[in-house]
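Secondary and tertiary structure notes
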Amino acid sequence: MAAPKRVVIVGGGISGLSAAFALVEQSEIREKPLHCTVVEGHTHFGGKIVTTHTNGLVVEGGPDSFLTSKTSAVDLCEKLGLSSQLIGTNRENSQTFTYSKGRLCEFPQGLISMVPTKLGPLFRSGVVSWPGIVRMGADLVIPARPETEGEETLAEFFSRRLGSEAFQRLLEPLVAGIYAGDANELSVAATFPQFVELERQHGSLIKGALAMQRARGLKRPGASARTLFTTLQGGVGDLVARLVERLSAVGVDCRQGENVRVVRLPLNVHRNPLYQVELASGEKLNAEAVVFATPAYVSAGLLRSFDHETAVVLDQIPYASTITISMAFAESDVHGQLRGFGFVVPRVENRSLIAATWSSRKWAGRAPAGQCLIRCYLGGRGREQLLERNDAELTNQVRQELKLMVGIHGRPLHVEVHRWPQAMPQYTCGHRERVQRIRQRLAQYPGLYVTGAAYDGIGIPDCIRDAGNTVQKLSAYLWAPAS
Ligand SMILES: Cc1cc2nc3c(=O)[nH]c(=O)nc-3n(C[C@H](O)[C@H](O)[C@H](O)COP(=O)(O)OP(=O)(O)OC[C@H]3O[C@@H](n4cnc5c(N)ncnc54)[C@H](O)[C@@H]3O)c2cc1C
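Rules used throughout
- Residues numbered from 1 in each chain as written.
- Predicted model: local features only at pLDDT ≥ 70, side-chain atom pairs only at ≥ 80, totals over all residues.
- Helix = DSSP H or I, 4+ residues; strand = E, 2+ residues; numbered from the N terminus.
- Rg over C-alpha atoms; globule rule 2.2 N^0.38 Å.
- Contact = placed C-beta atoms within 7 Å.
- Axes fitted to C-alpha atoms, helices over the stretch in contact; angles between N-to-C directions.
- Parallel < 35°, antiparallel > 145°, perpendicular 65-115°, else oblique.
- Nonpolar A, V, L, I, M, F, W, Y, C, P; charged D, E, K, R; others polar.
- Near = placed C-beta within 6 Å.
- Buried ≥ 20, exposed ≤ 12 C-beta atoms within 10 Å, placed from the backbone.
- Arc of directions from axis to C-beta.
- Domains from an automatic or database assignment.
- Pairing = 2+ DSSP bridges.
- Core = buried A, V, L, I, M, F, W, Y, C linked by C-beta atoms within 7 Å.

1. Remarks on the overall build of the protein chain
The helix and strand tally for the protein chain stands at 17 helices and 22 strands. In summary, the protein chain has a C-alpha radius of gyration of 23 Å against a globular reference of 23 Å for 483 residues, a match within 12%. Counting contacts in the protein chain only where the partners sit at least 6 residues apart, residues at least 24 apart contribute 72% of the total.

2. Thoughts on the packing of helix H2 (residues 72–79) against helix H17 (residues 460–478)
Following both chains from N to C, one finds H2 and H17 inclined at 70°, their axes separated by 7 Å at the closest point. Considered as vectors, H2 and H17 are oriented roughly perpendicular to each other. Counted together, Ser-72, Ala-73 and Leu-76 of H2 and Ile-460, Pro-461, Ile-464, Arg-465 and Gly-468 of H17 form the full contact between these two elements. Here the residues of the contact of H2 with H17 sort into five nonpolar, two polar and one charged.

3. Considerations on the site of the ligand
Around the ligand there are 36 residues in total, and Gly-11, Gly-13, Gly-47, Pro-63 and Gly-452 lie nearest to it. Of all the elements in the fold, those that place two or more residues in the shell around the ligand are helix H1 (14–29), strand E2 (34–40), strand E17 (319–330), strand E21 (414–425) and H17. Grouping the constituent residues of the shell around the ligand by class yields 17 nonpolar, 16 polar and three charged.

4. Side note on the environment of Pro-346
The residue Pro-346 is located in the loop between strand E18 (342–344) and strand E19 (353–357) in this model. Sequence separation between Pro-346 and Gln-168 is 178 residues; the distance between their C-alpha atoms is 6.6 Å. Pro-346 has contacts with Thr-98, Ser-100, Gln-168, Arg-169, Glu-172 and Pro-173, leaving out every residue within four places of it along the chain.

5. Here we look at H2
In an α-helix, one full turn covers 3.6 residues, which means residues spaced three or four apart are oriented alike. Within the span of H2, buried status applies to Ser-72, Ala-73, Leu-76 and Cys-77. Buried residues of H2, viewed axially, fall in a sector of 140°; they line one side. Remark: Gly-81 follows H2 within two positions and exhibits a positive phi of approximately 75°.

6. Section: the environment of Glu-60
Following the sequence through the fold, Glu-60 ends up in strand E4 (residues 57–60). Take Glu-60: there are 25 C-beta atoms within 10 Å of it, and that puts it in the buried class. Expressed as a C-alpha distance, the spacing of Glu-60 and Gly-208, which sit 148 residues apart in the sequence, is 35 Å. Among residues more than four places away in sequence, those in contact with Glu-60 are Thr-51, Gly-235, Val-236 and Arg-375.

7. With respect to the domain arrangement of the protein chain
Domain boundaries assigned for the protein chain yield domain 1 (5–47 + 240–317 + 428–478), domain 2 (108–219) and domain 3 (320–425). A C-alpha centroid distance of 27 Å is found between domain 2 and domain 3. Residue classes in the side of domain 2 that touches domain 3 are distributed as five nonpolar, three polar and four charged.

8. Remarks on the sheet that holds strand E5 (residues 66–67)
Reading across from one edge, E5-E11-E6 is the order of the three strands in this open sheet, with antiparallel pairing throughout. Each edge of the open sheet carries a strand with a single partner, namely E5 and strand E6 (86–88).

9. Remarks on the nonpolar core
In summary, soluble globular proteins display a tendency toward joint burial of nonpolar side chains. The biggest cluster of nonpolar side chains holds 137 residues, and the ones touching the most others in it are Ile-9, Val-10, Leu-17, Ala-20, Val-290 and Val-291. Those residues in contact with Val-291, other than ones at most four positions away along the chain, are Val-7, Ile-9, Val-10, Ala-19, Tyr-449, Thr-451, Thr-470 and Leu-474.

This is the structure:
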């Protein structure tokens with residue numbers, strides 16, 4: 001039997017772990033031996049996924065759920081035997097609010113893929129003024145922008161199609177909130193290519209959204225069984241725990257608390273493609289293939305010694321820093337104040353909060369009876385200085401904002417602050433070219449790959465999909481018929 005191929009995956013976040021899982025699947029399908037090591041620098045696996053359990057509270061320090069419309073995360077849960085633990089958002093009280101000019105307004109119903117398509121709810125919500133609504137209607141007649149005119153930011157694209165008021169008040173808090181980014185920097189083609197496609201195909205976002213709705217209705221009569229977002233009963237951390245358990249059970253060497261210091265290239269990589277992965281402890285791992293599932297700036301540092309140019313491009317992917325603050329209140333202290341699932345705050349409001357989620361109203365089993373769990377999201381591009389404040393200062397600031405915006409006066413029974421410095425990759429203009437350049441340059445090193453949130457989507461399903469695509473290429477290389 002051939003010697004097992006050795007693969008080192010650097011980074012044990014969802015990208016690295018799901019890459020390892022896909023690689024094991026491939027080795028089993030191809031009946032090829034494999035020796036896979038996942039090296040995670042932190043003392044726990046999961047990267048941005050951190051779920052804690054305290055006195056009956058299920059607190060998500062990072063992501064609290066994932067999209068079901070992109071199926072890779074739900075599919076992975078199925079493979080891991082976690083399907084029965086997937087829970088949807090509660091069906092009642094599912095409205096979202098937005099903080100607008102001193103009050104919370106309900107987001108208009110009738111948003112199809114974020115594009116407003118119904119006049120009545122839009123008017124009733126009061127989020128956009130009458131002239132703003134009229135301007136939105138102009139989307140129906142404004143001609144599509146020729147593709148040759150170059151890349152637009154989210155702000156430019158949506159302001160051009162729907163007007164700046166609709167953009168700032170309705171779309172910015174939804175789209176930029178996902179990236180914790182500045183819509184004046186983020187590329188629409190890299191973050192939401194589906195909107196560029198809608199314009200290209202239908203000449204109008206509203207017409208395109210309505211056509212999509214009709215097509216969906218034709219394809220799937222009856223409501224989908226799953227809500228748009230899902231999570232696991234015990235929190236997203238259960239996905240990480242199950243992955244590590246499965247990987248360890250099939251012999252993957254899952255190491256935590258061990259930082260990779262550098263990856264070295266053999267003298268003649270084409271004749272002898274055996275990489276050396278050096279850990280901070282001094283230990284050296286030899287491998288036929290290495291997958292960098294680390295943030296782009298970390299991958300840059302690890303490969304700079306042999307490819308300065310790729311490192312420079314990786315370093316050009318900027319990151320935003322965020323914070324989540326979860327607070328549990330006695331139900332009696334917030335009773336009547338919490339409506340819907342929470343609210344978002346448009347950047348024009350100049351607040352530190354990006355959004356607040358009433359976690360225990362949105363999901364079942366997040367807080368014990370008589371308590372209410374609230375999760376606040378703050379920071380983001382341009383507001384990084386918030387991370388310099390200590391926990392008490394941050395908590396006070398958020399409590400002040402919740403008092404002002406929602407009327408919550410009570411004292412929290414439990415507080416957890418999770419800081420996320422340099423956590424959210426920003427797909428700014430030029431992102432797609434940068435990613436293409438990185439992948440093209442790495443193609444000169446057989447068996448070397450990057451995957452993760454920095455490249456083709458930052459959501460958990462995107463990361464899992466990208467890890468799977470990377471493993472397809474990796475397996476084809478490792479186990480090419482001639483080898
Ligand atoms: C606050 C917050 C909320 C979010 N909410 C959602 C959400 O609700 N839904 C959703 O789908 N997505 C959400 N996201 C995005 C999503 O969680 C991330 O994009 C995704 O988890 C990133 O996974 P990753 O494996 O690519 O990177 P990471 O999770 O960053 O993993 C990279 C790993 O590499 C390790 N590492 C770094 N350097 C080294 C080294 N030298 N040696 C070894 N290991 C190293 C790190 O410790 C880390 O564990 C959120 C993100 C944040 C921060």
